[in-house]
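Structural features, examined
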Amino acid sequence: AIETAHQFGSHIHVMSVMTSTDEFHVSKLRAQLNVVKQQIKDSGVPFTAKLLKGKKIAETILHYAPVVNADCIFIMTQQEVGFVEMMVGTSAEQVMNNAMIPVISVRPAKAKEVYYNIFG
């Protein structure tokens with residue numbers, strides 16, 4: 001999304017959808033959103049970021065896109081098959097099948113393993 005925004009002089013509207021008020025999940029979403037915000041900020045691309053509440057991820061995304069006059073939607077999809085990833089995958093499918101604007105599906109790079117020396 002950052003590379004595309006650079007090419008077209010675009011503004012990125014990044015969003016995350018919380019479907020639960022469970023503090024653990026909300027904190028995790030906030031942390032992930034903060035990482036993304038920092039990466040975009042470091043790139044110099046103008047952006048806004050929102051953490052939205054919604055009952056359904058796909059529905060929330062599809063309603064938000066016209067509010068910000070989006071030209072396309074970048075959505076992350078996962079290859080894992082755990083319950084949460086399956087739900088995200090299903091939401092991504094719903095967005096791709098129902099969006100009125102182009103949807104670009106991006107599979108995130110595999111995270112590098114980080115080891116911490118807790119013994120000093």
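None of the values given here were measured: they were computed from a predicted structure. (Residues numbered from 1 in each chain as written. Predicted model: local features only at pLDDT ≥ 70, side-chain atom pairs only at ≥ 80, totals over all residues. Heavy atoms only, no water.)

1. Quick look at helix H2 (residues 23-43)
Residue pairs spaced three or four apart in an α-helix point in one direction, given the helix's 3.6 residues per turn. With 21 residues, H2 extends 30 Å from end C-alpha to end C-alpha; this agrees with the ideal 30 Å at 1.5 Å per step. Taken residue by residue, H2 has Val 26, Leu 29, Leu 33 and Ile 40 as its buried positions. Along the axis of H2, the buried residues cluster in a sector spanning 65°; they form a single face. Those residues of H2 that are exposed and aimed more than 90 degrees away from the buried face are Phe 24 and Asp 42. Tucked into the core, H2 has its buried residues touching helix H1 (2-8), strand E1 (12-18) and strand E2 (47-53). Phi turns positive, to about 85°, at Gly 44, one or two residues after H2. (Helix = DSSP H or I, 4+ residues; strand = E, 2+ residues; numbered from the N terminus. Expected span 1.5 Å × (residues − 1). Buried < 20%, exposed > 50% of the residue type's maximum accessible area, 1.4 Å probe, protein only. Arc of directions from axis to C-beta. Contact = heavy atoms within 4.5 Å.)

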